[in-house]
Amino acid sequence: MADALSVIPAFVLRNLSDKLYEKRKNAALEVEGIVKQLASAGDHEKITAVINLLTNDFTMSPQANHRKGGLIGLAAATVGLSSDASQHLEQIVPPVLNSFSDQDSRVRYYACEALYNIAKVVRGDFIVFFNQIFDALCKLSADSDANVQSAAHLLDRLVKDIVTESDQFSIEEFIPLLRERMNVLNPYVRQFLVGWITVLDSVPDIDMLGFLPDFLDGLFNMLSDSSHEIRQQADSALSEFLQEIKNSPSVDYGRMAEILVQRASSPDEFTRLTAITWINEFVKLGGDQLVPYYADILGAILPSIADKEEKIRVVARETNEELRNIKAFPSEGFDVGAILSIARRQLSSEHEATRIEALYWISTLLDRHRTEVLIYLDDILDSLLQALSDPSDEVVLLVLDVHACIAIDQQHFRQLVVFLVHNFRINNSLLEKRGALIIRRLCVLLNAERVYRELSTILEGESDLDFASTMVQALNLILLTSSELSGLRDLLKKSLVHAAGKDLFVSLYASWCHSPMAIISLCLLAQSYQHASVVIQSLVEEDINVKFLVQLDKLIRLLETPVFAYLRLQLLEPGRYMWLLKALYGLLMLLPQQSAAFKILRTRLKTVPPYSFSGEHFKQLSSGNSYSVMHHVSGLNINEDGDVSQDAGNSRNGINFAARLQQFEYMQHQHRLHEKGQTLSRTNTPPPLTKTGVEIPEEAKRPALASAPISGPASAVAAEINRPPSRTRRGPGQLQL
C-alpha cells in the first residue's frame with residue numbers, strides 16, 4: 001500500500017473520489033499514465049499495489065463516489081497495462097463484477113462502463129470470466145434503471161463479439177448456466193437469453209443443436225409470452241433449430257420428443273401448433289429413434305386431432321397418419337401395451353374425433369399385433385364395452401368393428417354378447433336408441449345366425465322376464481325389418497324343409513317364447529302357419545293386454561311390407577294355405593274393430609280369392625287339431641301349412657310342435673305369475689298361496705328339442721308328448737343367471 005501511495009500523487013487519489021465526473025475522469029487518465037510507465041519498466045509489484053489500492057480503498061469504500069472512482073481507475077489501469085493486462089485480470093475483474101450488484105444505480109452503470117473498457121483491451125483473455133460475466137449481465141438486463149440497462153446492452157454486444165471470435169469459449173460450461181435461467185419470466189431476461197442462443201447458434205464451431213434438449217423447453221415457454229417481440233424471437237430461434245434438425249444426420253430425438261409431448265397440451269394455441277409441427281417433423285425424420293416414444297407421441301396427437309384450432313387439427317391428423325403407417329415391432333422396442341393404454345384413455349375423451357382415432361389405433365394394433373393385443377385385452381376390454389354406449393353412432397360402429405375382430409375367438413364372442421345383454425338390461429334407453437344399430441352391425445361382422453343363436457341362448461335363461469320380453473321383441477323386429485338379416489329370414493322360411501332352417505327355428509323358439517307376438521311372427525316367417533294359428537288360440541285373457549296389442553299392431557303393419565310379400569301371395573291359394581288364413585283371421589279377431597290395424601288386415605283378407613272348402617277340409621280346419629296328417633287338395637299332397645310335396649313318402653325335417661306349444665305355454669304361464677307377483681307387490685299385499693291346475697311337462701321346459709316328424713300319425717305325436725321326460729339340462733354355453 002505504501003508503494004502505491006508513493007507512486008500515485010495525493011491529488012490524483014483525491015480527484016479520483018471527487019463527486020464531479022470530469023475530475024474523476026482526469027484522475028483516471030493520470031492512473032493510466034502511471035501504470036503504463038510501470039508496465040514499461042516491468043515493475044509489476046507496484047502495479048499490483050496500485051490495483052490493490054484502487055480495489056480496497058475505492059471499490060470497497062462505503063462512499064459511492066469512491067466506488068465510482070475505483071471502477072474508472074481499474075479500467076484506466078487496464079488500458080495502461082495494454083498487452084500485459086492479462087497478468088492482472090484476476091485482481092481487476094472480480095471487484096468490477098462485485099459492483100454490478102451495488103445498491104447505487106450509478107455505481108452499477110460505471111461498473112458496466114469499466115468492464116466494457118477492460119474487455120476491449122483484453123479481448124479473448126476475457127473468456128476465463130465468461131460465466132461470471134454472463135450471470136452479471138443476465139441480472140443487469142432486467143435492471144430497474146434504464147441507463148444501467150443501456151450500458152449492459154452495450155457490454156453484452158461486446159462480449160458476444162469476443163465470444164464468437166474466441167476459440168477458448170466452453171459451450172459445455174455455459175449450457176448449465178443457460179438452462180438454469182430459461183424459465184425466468186422477466187421479459188428483459190428472456191430477450192437476453194434468446195439473443196445469446198441465437199448468437200451462439202450462428203457460430204460454426206459451437207454445436208448448440210447438440211445441447212438443444214437442455215433449453216428447448218424454455219424456448220417453448222417463451223412462445224406464450226405476453227410480449228409479441230419475445231414470442232417472435234423465440235419462434236425465429238425454434239424455426240432455425242428445426243431447419244438444422246432436418247439437415248443434421250445425428251439428432252437426439254428422444255429427449256426432445258418428451259418436451260414436445262408436454263408442450264402439445266399447452267393452453268397457448270401458438271405453443272400447441274409449434275409443438276405439433278415439431279412432432280410431425282420428428283415422426284417423419286426420427287425413424288427408429290422414436291419407436292420407444294410412440295406411445296407418448298400418440299398421447300399428444302390424439303387430443304390435438306380435436307383441437308379448436310383448425311391448423312392444429314390438420315397437422316395432428318397428418319402426424320397421426322404418418323405414425324400409423326410406420327410398421328414397428330415389439331422386438332424393436334415398440335410397446336404395444338403402452339399404445340393400447342393411450343388409446344384406451346382417449347376412449348373417454350369428450351371429443352368424438354379423438355375417440356374415433358383411438359379406435360382406429362386399437363383396430364390397427366389388432367390387425368398387426370393381434371397376439372400382443374390379446375395379452376393386454378383385460379386392460380382395455382371394459383373401456384371397449386363401455387364405448388358401446390357412446391353417444392356417437394360412428395364411434396359405436398367402430399367399437400363394434402373392434403369387438404368383431406376380437407370376437408373371432410368364441411370365448412371373447414360370448415363375453416361380448418353377454419355384456420351387451422347386460423348393458424341392455426341396465427340401460428333400457430340404450431336398447432331403444434342403439435339396440436338395432438348394434439345388433440345389425442354385429443350380424444354383419446360376426447354372422448347373423450351366430451349372433452342370434454347366442455342371444456337366444458342367453459335370453460332363454462334370463463331371470464328378468466320383463467327385460468327378456470322387451471329384448472326378444474326388439475330382436476324380432478330387427479329380424480323382420482333389417483336388410484342385414486335377409487339371409488337369416490331366408491333360412492327361417494325353409495324351417496319345414498331344411499335341416500339348418502329347422503335347427504335355427506328351434507334355437508330361436510326357446511327365447512322367443514318370452515313374447516307371444518314374437519312367436520307368432522317367427523311362425524309366420526317360417527311358414528309354420530298351423531302352429532301360428534294354434535299359438536293364437538292358446539292365448540288367454542291375461543295375454544291380451546296393451547303391450548300385446550301394440551306389438552300386434554306393429555306385426556299387422558309389417559305384414560304389408562316387402563318382407564312378407566311371399567305370405568301375401570300365398571293368400572292367392574287359400575285352399576293350399578288354409579292355416580295361414582286361419583292364423584290371420586285369428587289375429588283379426590284379437591284386434592279392436594276401430595283400430596287402424598284391424599282395418600288394414602280386414603282389407604287385406606277381403607282381397608283373398610273365394611275358395612270353396614269341401615266339408616272335410618272345413619271340418620279339419622275348424623276342428624283345432626293342430627297336428628293333423630297331410631291333407632289332399634286338388635290332387636296334391638299338402639302338409640299342415642300348405643306346402644306342396646311331390647312325394648308323400650319323402651322323409652322331412654320334423655319339429656315337435658306339440659312340445660314347442662307346451663314350451664310356449666309354460667313360459668307364458670311364468671310371465672303371468674310374474675305379472676301377478678308385481679301387481680301384488682305394488683299393492684303391498686302378500687301373494688296368496690295358489691296352485692295351478694295345469695302341470696307343465698318337463699319337455700316343455702327344455703330349451704329346444706327336435707322331435708318326431710309332424711307328418712306322421714297322430715298317435716306318434718301323442719307318444720312323443722307322453723314320453724318320460726329326461727332330466728332338465730341347460731343348453732351348452734347357456735348363461736347361468
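Everything in this summary refers to the structure shown in the same document.

What counts and what doesn't
- Residues numbered from 1 in each chain as written.
- Predicted model: local features only at pLDDT ≥ 70, side-chain atom pairs only at ≥ 80, totals over all residues.
- Heavy atoms only, no water.
- Axes fitted to C-alpha atoms, helices over the stretch in contact; angles between N-to-C directions.
- Helix = DSSP H or I, 4+ residues; strand = E, 2+ residues; numbered from the N terminus.
- Parallel < 35°, antiparallel > 145°, perpendicular 65-115°, else oblique.
- Left-handed = near helix turned anticlockwise from the far one by under 90°.
- Contact = heavy atoms within 4.5 Å.
- Nonpolar A, V, L, I, M, F, W, Y, C, P; charged D, E, K, R; others polar.
- Phe/Tyr/Trp six-rings, centres within 6.5 Å; stacked < 30°, edge-to-face > 60°.
- Buried < 20%, exposed > 50% of the residue type's maximum accessible area, 1.4 Å probe, protein only.
- Lys NZ or Arg CZ within 6 Å of the ring centre and 35° of its normal.
- Core = buried A, V, L, I, M, F, W, Y, C linked by side-chain atoms within 4.5 Å.
- Salt bridge = Lys/Arg side-chain N within 4 Å of Asp/Glu carboxyl O.
- 1 Å grid on protein atoms, 1.4 Å probe; cavity = no way out; pocket = protein on both sides within 12 Å on 5 of 7 lines; lining within 4 Å.
- Points joined across faces, edges and corners; volume = space filled by probe spheres on them.

**Some points on the packing of helix H29 (residues 516-525) against helix H30 (residues 529-538)**
Interhelical geometry of H29 versus H30 gives an angle of 160° and a closest axis separation of 8 Å. When the axes of H29 and H30 are compared, the pair comes out roughly antiparallel. For the pair H29 and H30, the sense of crossing is left-handed. Of the residues in H30, those in contact with Ile-519, Ile-520, Cys-523 and Leu-524 of H29 are Tyr-529, His-531, Ala-532, Val-535 and Ile-536. Counted by class, the contact of H29 with H30 contains 8 nonpolar, 1 polar and no charged residues.

**A short note on the packing of aromatic side chains**
One pass over the structure, following the stated rule, counts 22 aromatic pairs. Geometrically, the ring pair formed by Phe-174 and Trp-196 is tilted, given 6.3 Å between the ring centres and 45° between the ring planes. Pair noted here: Phe-174 is in helix H10 (residues 171-181) and Trp-196 is in helix H11 (residues 187-201), with a separation of 22 residues, a long-range link. As far as burial versus exposure is concerned, Phe-174 and Trp-196 are alike and both buried. Among the aromatic side chains, those forming a connected cluster through ring pairs are Phe-130, Phe-134, Phe-169, Phe-174, Phe-192 and Trp-196. The residue whose ring lies beneath Arg-106 is Tyr-109, and the NZ or CZ to ring-centre distance is 4.8 Å. The ring of Phe-413 has Arg-450 lying over it, and the distance from NZ or CZ to the ring centre is 3.8 Å.

**As for the nonpolar core**
Counting 236 residues, the largest nonpolar core has Trp-278 and Tyr-452 as its most contacted members. Sort the elements by how many residues they give to this core and helix H7 (residues 105-122) lands first, with 9 residues. Look past the residues within four positions of Trp-278 in its chain and what remains in contact with it is Leu-212, Leu-216, Phe-220, Leu-238, Phe-241, Leu-242, Ile-245 and Leu-260.

**Notes on the pattern of salt bridges**
By the definition in use, this model includes 32 salt bridges. Here Asp-18 ties to Lys-23 by a salt bridge, and the two come within 3.9 Å at their closest N and O atoms. A residue is classified by how much of its surface remains accessible, and Lys-23, at 36% relative accessible area, is partly exposed. In this structure, Glu-484 engages Arg-440 in a salt bridge whose closest nitrogen and oxygen atoms are separated by 3.0 Å. With Glu-484 in the loop between helix H26 (465-481) and helix H27 (486-493) and Arg-440 in helix H24 (residues 428-446), this pair connects stretches of sequence that are 44 residues apart. Looking at Arg-440, the relative accessible area reads 33%, which means it is partly exposed. Beyond isolated ion pairs, a larger network of salt bridges with shared partners links Asp-135, Lys-139, Glu-180 and Arg-181.

**A closer look at unusual backbone geometry**
Although it is not a glycine, Ser-82 adopts a positive phi angle of roughly 55°. Along the chain, Ser-82 falls in the loop between helix H5 (64-81) and helix H6 (89-98). Although it is not a glycine, Gln-527 sits at a positive phi angle of roughly 60°. Classification of Gln-527 as buried rests on a relative accessible area of 11%.

**Quick word on the layout of surface pockets**
Roughly 940 Å³ of internal volume is contained in the largest pocket. Around the largest pocket, the lining is made up of 40 residues, and of these Ser-469, Thr-470, Gln-473, Lys-547 and Gln-551 lie nearest the centre. At 11 residues, the largest contribution of residues to the lining of the largest pocket is made by H26. Counted by class, the lining of the largest pocket contains 14 nonpolar, 16 polar and 10 charged residues.

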